[in-house]
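# Structural characterization, general
Chain residues, written in single-letter form:
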Amino acid sequence: MAGADGKVDKSELTYIALEMTRFGVKDAEPILNGADEMDPTIALSIVSKMTPKEKKYVAAYLGTVMAVDGKIDDKELSLWRLTSTLCGLPSMNIQEAINHIKTM
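In short, a report on the structure. (Residues numbered from 1 in each chain as written. Predicted model: local features only at pLDDT ≥ 70, side-chain atom pairs only at ≥ 80, totals over all residues. Heavy atoms only, no water.)

## Some remarks on the packing of helix H4 (residues 52-67) against helix H5 (residues 74-87)
Two elements in contact, H4 and H5, have axes whose closest approach is 10 Å; the angle formed by their N-to-C orientations is 175°. Overall, the two elements H4 and H5 adopt an arrangement that is roughly antiparallel. Contacts from Lys55, Ala59, Leu62, Gly63 and Met66 of H4 reach H5 at Glu76, Leu77, Trp80, Thr83 and Cys87. Here the contact of H4 with H5 is built from residues that sort into 6 nonpolar, 2 polar and 2 charged. (Axes fitted to C-alpha atoms, helices over the stretch in contact; angles between N-to-C directions. Helix = DSSP H or I, 4+ residues; strand = E, 2+ residues; numbered from the N terminus. Parallel < 35°, antiparallel > 145°, perpendicular 65-115°, else oblique. Contact = heavy atoms within 4.5 Å. Nonpolar A, V, L, I, M, F, W, Y, C, P; charged D, E, K, R; others polar.)

Okay, structure coming up:
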């Protein structure tokens, strides 16, 4: 999501790092490298099999990554909608995504 608009902003990287820290990740590099190398269909398959609670987090996380730099690009929004549709993520708007993350 961070690179959907063709650039990755420092604020997006900071947010991603903060979320990884929240989950106890000490060394993000292997995870990020694995994510870069993962076939998108495998990633979509993994998310599709998540619980409703996990899917709500994923939808909120993606929406927040998209919004954290203060600029929501049409490509980011399209990717969020496509991912949500393909994986059965709950519908939410940007503010709902941010609010959900804040309450966690």
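Now that the structure has been shown, we can carry on.
## Let's talk about the nonpolar core
Formed by 22 residues in total, the largest nonpolar core has its most connected members in Tyr61, Leu62, Val65, Trp80 and Leu89. Those elements that provide at least two residues to this core are helix H1 (10-22), H4, H5 and helix H6 (94-102). Element by element, the count of residues in this core is highest for H4, at 9 residues. (Core = buried A, V, L, I, M, F, W, Y, C linked by side-chain atoms within 4.5 Å. Buried < 20%, exposed > 50% of the residue type's maximum accessible area, 1.4 Å probe, protein only.)

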